[in-house]
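A look at the structure
The lines below spell out each chain.
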Amino acid sequence: MSKVVPFNQRSVPSAGVAMERLRRISREVETFVSRMQIESLTPSEMARILRVFDTANACIRIVLSDFGQDPAVHQLIEQSHGIKELIEAARKRIDGLAVAPSQVRSA
């Protein structure tokens with residue numbers, strides 16, 4: 001069959017590929033978080049940032065599912081936890097800002 005339809009003969013990507021993908025996601029999230037001016041965000045900007053974080057989390061899940069059978073999956077999971085912790089810390093800062101203005105108005 002492979003003589004009729006030339007299949008790609010490359011092997012399944014290794015955990016190294018997955019780790020590089022997670023590193024790129026991590027760099028993007030770190031850059032995004034470092035450039036955020038948390039104190040001056042509008043509600044629409046906060047919502048956009050949270051969507052970006054949700055997208056990053058979805059990308060992490062995709063990478064882990066693509067490489068879930070790899071023997072080095074535990075290393076990938078550890079790397080993904082670091083990214084998720086960064087996202088959760090930024091999310092908490094944003095959530096704190098989103099709650100604070102409404103408390104001030106109602107006082």
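Residues numbered from 1 in each chain as written. Predicted model: local features only at pLDDT ≥ 70, side-chain atom pairs only at ≥ 80, totals over all residues. Heavy atoms only, no water.

1. Observations regarding the overall build of the protein chain
The condition that has to hold: In DSSP terms, a helix is any run of H or I states spanning at least four residues, a strand is any run of E spanning at least two, and both are numbered starting from the N terminus. Here the term buried applies to any residue with accessible area under 20% of the maximum for its type, exposed to any over 50%, and partly exposed to those in between, with areas from a 1.4 Å probe on protein chains only. Every residue pair with non-hydrogen atoms within 4.5 Å of one another is taken to be in contact. Here the Shrake-Rupley method, with its probe set to 1.4 Å, supplies the accessible areas, and only the displayed protein chains count as covering residues.
The number of helices and strands found in the protein chain is three helices and zero strands. For the protein chain, the succession of helices and strands along the chain, N to C, is α-α-α. Buried positions account for 29% of the 107 residues belonging to the protein chain. For the protein chain, contacts bridging at least 24 residues in sequence account for 78% of all contacts bridging at least 6. Split by element, the accessible area of the protein chain, about 7600 Å² in all, is 56% carbon and sulfur.

2. Some remarks on the side chain of Ser80
Structurally, the position occupied by Ser80 is in helix H3 (residues 73-106). Not counting chain neighbours up to four residues away, the residues in contact with Ser80 comprise Leu22, Ile60 and Leu64.

3. Overview of the packing of aromatic side chains
Selection rule: Aromatic pairing here means that ring centres of Phe, Tyr or Trp (its six-membered ring) are within 6.5 Å. Orientation follows from the plane angle: under 30 degrees is stacked, over 60 is edge-to-face, and everything else is tilted.
For the structure on display, the rule yields one aromatic pair. Summarising the aromatic geometry, the rings of Phe32 and Phe53 are spaced 6.1 Å apart at their centres and angled 80° between planes, so their arrangement reads as edge-to-face. Of this pair, Phe32 sits in helix H1 (residues 15-35) while Phe53 is found in helix H2 (residues 43-66), placing the two residues 21 residues apart along the sequence. Take Phe32: its relative accessible area is 21%, and that puts it in the partly exposed class.

4. Some remarks on the confidence of the model for the protein chain
Stated formally: The predictor's confidence in any single residue is recorded as pLDDT, a number from 0 to 100.
For the protein chain, per-residue confidence averages 77 on the pLDDT scale, and 79% of positions sit at 70 or higher. Looking over the protein chain, one finds the lowest element-wise mean pLDDT in H3, namely 74, and the highest in H2, namely 87. Below a pLDDT of 50 lies the segment residues 101-107, which in the model reaches zero contacts outside its immediate sequence neighbourhood of four places, other chains included.

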